[in-house]
Every structure is written in structure tokens, then in C-alpha cells.
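A structural walkthrough
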Amino acid sequence: MINILLINQYSYPPGRSNWRRHFDLFKNFSKEDYNIDVICGSFVHDRKEKILDKDEKYRLIGSEGIKYHVLSGISYKSKIVRMLSMIQFFFKVLFFSKKIEKKPDIVYASSPHPFNGLAGMRLAKKYKCPFVLEIRDLWPETWVAMGATTRKSILYKVFAYIEKVLYKNANKIITLTANKDYYTSIGIDEKKVEIISNGVDLEKYDSLVGENSPIKLSENKFNILYTGAHGTANCLEVILEVAKQIENDDIIFNFIGEGEKKSELIEKVKKYNLKNVIFYPPINKNYIPSTLKKGDVMIVVAKNTTLYKYGISFNKLYEYFASSKPIIFSGNVANDMVKEASAGISVEAENIEKIKEAVLSLYRMAKEEREILGKNGRKYVEENYDTKVLSKKVEKIILDLLEDKNV
């Protein structure tokens, strides 16, 4: 049996968070051939709630053969405290790893932040086993792109150094980007890098389409849906500007989710006196399929940043494809999947006038034509981004590393 130790502060047990990449990937691994231990934190970042009780330090949660070791940690709202929570998690992982019953044959660390990677690197050396580093966000480049720091800052230089150390020590790097350009640009051998994007569990998705969604969309209206985070990177204020310009009571923009910009967005709707915008609270991921089924069009706006020249892998996009609904996508990216799949209308990043034209074009389009676009997206995700397909790619990487005598 192959023992896999996965380290990610944000890889929570299913049902605790809408983030479930690793559960969807690893639940497809044979239970007879693999033992999978996941070490994660207690504070759920996307829901701002804790898994553990007040005085609870640790809990073991099992789900479909995967063991989640949940470690207590700091709750946070500010970026500084969040950084402290990352450092705390790093040390907790190192101390807790001594309690893992089975010595890992491979350590897999996912890096929404680099301290996950550092913990994985240390443990891989300790157990003398292969180290897989998964890069979810290009730290510290993401900070620069979002305006949080500059390349001249001490913070950037520290994290850039950590990044290089991790890349050097990883036996394999898994990236979610569309290409390997970033890695080759900083001197990483492209053979060391594998691309495995996000995706959607279509079997699970389809089983939930009949659920009774808590979201009640406006009846007899043309409903445009956005689901997910309401943050700076999501550019929802751009969609509000589009809504402001559309003088048609039949077209409704629906925002489902939570984030630091939500209150600001709600205030802007009040200021503009918009009657065609409705905000809903976040919903359990199990209700996403039945909710999307009620919509007419899905929408995504990607921030206009050079970071996306390496590609995107937005979770919501795969769910939108699975819904068989047409998609409006605004972004300057290396991999315009909506365009590639002929699944909707793609326009340049943050272009309010072009997004408006796309909305009106789909509104005026015959229902049968919209259905063709939706079916194109569904076929595209079935062939390329079903998690069963992605799981096989991850398994091949692991088996190849274990067979490689030079690792």
C-alpha cells in the first residue's frame, strides 16, 4: 500500500468548505492500494468559521477513505494575523507529523501559501521520500499583481527566495496554470513541471441537479448568475457598471457568495438605485448544480493583470461548463476556455461596453442557440476537466516518482 501525506492548511474535509480540489482528486484513488492522510487547519478560510470546538486541539475526520487530521489554529480577519496563522500551521505540522501512524511514501504539499510547501519539503527530507509541490497561486507574483507589494520590497524578496528553495527541492511541481512559461522563465526545467488544472466531479454534480436550491431567482426574467467570492480579484464592480447601463427590466444580475468587497458592492447598488441586481448569501456547494440550472447565463470577469498570461483555473468556470449554460467571460488570459469550447461569448478584460454587448447578444439570441453554446461547454468539460480524468494524471505522477530510482 502506498502512503500519501498531503499538507495544505486549506484542504478541509468535504462539507466544511466549498474548496474540495484534493478530496475530488484523491477520493478516486483505490482504497486497497493507497492510504491518504491530509493535514489541514481548523479555521475555514472561505467561510470564516472553525471546524474544532473552542478547547479542541485536534480532530480526526474520515471521508470516503481519506483521513483528515484537523489542527487547531488562529482565526483571522486581517492579512497580518493570517500570515501568523500560516507560520503557526507550519510548526504545528512538523510537530504533529510524528503522530502519523504510517511513514509516508510520498509527501504532497499544496501551496496556496509557501509555508505548506516548506513543511512538505522538511518532512520529505525527514522520511527520505519524493516531494510533490503543487502551486495554486504564484507567490509572491500574485501579491504584486494585486498591488499588495512590489518586487523591491523585503517581503517580496523573502518569499521569492522561499519559492526558489521549494522549486529546487521538489521532485515534481504541479501547476494549475495553462502553460509552464513562468517556471521556465525563472530557470526551472520544464520536465519537472506538470499541468493539472482544477475541474469538476461530474458524477457528483449531476447527482445534485435535482436538489431543492435555497436560491429563488426572479421568475420570468433573464437571470445572469455569478457564484463565488466577492473579492478584489473578482471584479464584480465591473458587472455592476454593466447592470447600470442596461435599461431592461427583464435582465437580472444575481450574485451568490461572500467576500470582503460585498458590503461595498451592496452600497454601490443602493447609490446607483439598481433594481436589476440581487445579492444572495453563500450556499452549500451541494446546491450549486440546482442553482445554476435555474439561470440563463453565467458570468465571470477576470482582473486585467499580467499574471493571467500564465493562464487561469477558476473553479466556478468548470461548474458553469457542467451546467450546460452559456457563459460570458471577460479576461485577457493564456487559456480562454470559453472561446476554445465555443461555450459563450468572450471579451477583453474589464471592458464594460463589450460585456454589455455580450449580455444583450445572449438575451436576444434564440433559446435553441443558447442551448447549443451550453452543450458545447458541457462536452468540453466532460472530455478535459472531469476530476476522474485529472485523478489519473495525479496518480501517474506519483507512480512515476516512486518507480524512479534517481529520486
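Okay, so let's go over this structure. It should be emphasised that the depicted structure is a prediction, and the values quoted were computed from it without experimental measurement.

Parameters and conventions
- Residues numbered from 1 in each chain as written.
- Predicted model: local features only at pLDDT ≥ 70, side-chain atom pairs only at ≥ 80, totals over all residues.
- Heavy atoms only, no water.
- Helix = DSSP H or I, 4+ residues; strand = E, 2+ residues; numbered from the N terminus.
- Contact = heavy atoms within 4.5 Å.
- 1 Å grid on protein atoms, 1.4 Å probe; cavity = no way out; pocket = protein on both sides within 12 Å on 5 of 7 lines; lining within 4 Å.
- Points joined across faces, edges and corners; volume = space filled by probe spheres on them.
- Nonpolar A, V, L, I, M, F, W, Y, C, P; charged D, E, K, R; others polar.
- Salt bridge = Lys/Arg side-chain N within 4 Å of Asp/Glu carboxyl O.
- Buried < 20%, exposed > 50% of the residue type's maximum accessible area, 1.4 Å probe, protein only.
- Phe/Tyr/Trp six-rings, centres within 6.5 Å; stacked < 30°, edge-to-face > 60°.
- Lys NZ or Arg CZ within 6 Å of the ring centre and 35° of its normal.
- Pairing = 2+ DSSP bridges.
- Axes fitted to C-alpha atoms, helices over the stretch in contact; angles between N-to-C directions.
- Parallel < 35°, antiparallel > 145°, perpendicular 65-115°, else oblique.
- Left-handed = near helix turned anticlockwise from the far one by under 90°.
- Core = buried A, V, L, I, M, F, W, Y, C linked by side-chain atoms within 4.5 Å.
- Polar contact = N/O pair within 3.5 Å; in protein donor to acceptor, adjacent residues only side chain to side chain.

1. Some details on the environment of S342
By the element assignment, S342 lies in the loop between α12 (337–341) and β16 (344–347). In this structure the C-alpha to C-alpha distance between S342 and P326, which are 16 residues apart in sequence, comes to 9.1 Å. With residues near it in sequence (within four places) discarded, S342 still touches L373 and N376.

2. Some thoughts on empty space enclosed by the protein
A full pass over the atoms with the stated rule returns four cavities of 30 Å³ or more. Of the voids in this model, the largest cavity is the one considered here, and its volume is about 250 Å³. Along the walls of the largest cavity sit 22 residues, with R20, D24, D201, K285 and E319 positioned nearest its centre. Every element with two or more residues in the lining of the largest cavity is listed here: α1 (21–26), α7 (202–207), α10 (288–294), α11 (315–322) and α15 (387–403). Counting residues per element, the lining of the largest cavity draws most heavily on α1, at three residues. Considering only residue class, the lining of the largest cavity consists of eight nonpolar, seven polar and seven charged.

3. Examining the pattern of salt bridges
Counted by the stated rule, this structure contains 14 salt bridges. A salt bridge links R378 to D206; the shortest N-O distance between them is 2.7 Å. One end of the pair, R378, is in helix α14 (residues 367–384); the other, D206, is in helix α7, and 172 residues separate them in sequence. Under the relative-accessibility criterion, R378 is labelled buried at 14%.

4. Re the packing of aromatic side chains
For any two aromatic rings, the description comes down to two numbers: the centre-to-centre distance and the angle of the planes. Counted by the stated rule, this structure contains 19 aromatic pairs. Between Y10 and Y12 the ring centres are 6.4 Å apart and the planes differ by 45°, which places this aromatic pair in the tilted class. Grouping residues by exposure puts Y10 and Y12 together as buried. Pairing F255 with F279 gives two aromatic rings, centres 5.1 Å apart and planes at 20°, and the pair type is stacked. Taken together, the positions of F255 in strand β12 (residues 251–256) and F279 in strand β13 (residues 277–280) put the pair 24 residues apart, joining distant regions of the chain. Each member of the aromatic cluster is reached from another via a ring pair, and the members are F26, F29, Y34 and Y108. Against the face of Y272 rests K244, its NZ or CZ located 4.1 Å from the ring centre. A cation over a ring is seen here: K316 above F314, with NZ or CZ 6.0 Å from the ring centre.

5. Focus on the sheet that holds strand β2 (residues 34–41)
Spatially, β5-β6-β2-β1-β7-β8-β9-β10 is the arrangement adopted by the eight strands of the open sheet, whose pairing is mixed. A strand with exactly one partner marks an edge of an open sheet, and here the two such strands are β5 (58–63) and β10 (193–195). Across the sheet, the axes of successive neighbouring strands diverge by a mean angle of 20°, strand direction being ignored. Of the strands in this sheet, β1 (2–7), β7 (106–111) and β8 (131–135) are in contact with helix α3 (residues 114–127), which crosses β7 at around 170°.

6. Some thoughts on unusual backbone geometry
Within the chain, N273 stands out as a residue other than glycine whose phi angle is a positive 55°. By secondary structure assignment, the location of N273 is in the loop between α9 (262–272) and β13. The phi torsion at S342 lies on the positive side, around 55°, for a residue other than glycine.

7. Considering the packing of helix α8 (residues 236–245) against helix α13 (residues 352–364)
Between α8 and α13, the shortest axis-to-axis distance is 9 Å and the interhelical angle comes to 60°. Classed by the angle they form, the pair α8 and α13 counts as oblique. For α8 against α13, the interelement crossing comes out right-handed. Every residue of α13 that contacts α8 at V238, E241, V242 and Q245 is listed here: I352, E353, I355, K356 and V359. Looking at the contact of α8 with α13 residue by residue, the classes come out as five nonpolar, one polar and three charged.

8. Some details on the nonpolar core
Nonpolar side chains in soluble globular proteins tend to be buried together. Grouped together as the largest cluster of nonpolar side chains are 70 residues, with contacts concentrated most on I4, I7, F26, Y167 and Y183. No other element matches the seven residues that α3 contributes to this core. The next biggest cluster of nonpolar side chains, apart from the first, holds 64 residues, and it includes F222, V297, V301 and M337.

9. Concerning the side chain of S72
Relative to the assigned elements, S72 resides in the loop between β6 (66–71) and α2 (79–96). For S72, a relative accessible area of 11% puts it in the buried group. A distance of 2.8 Å separates polar atoms of two side chains, one belonging to S72 and the other to K92.

The analysis is restricted to geometry; functional conclusions fall outside its scope.
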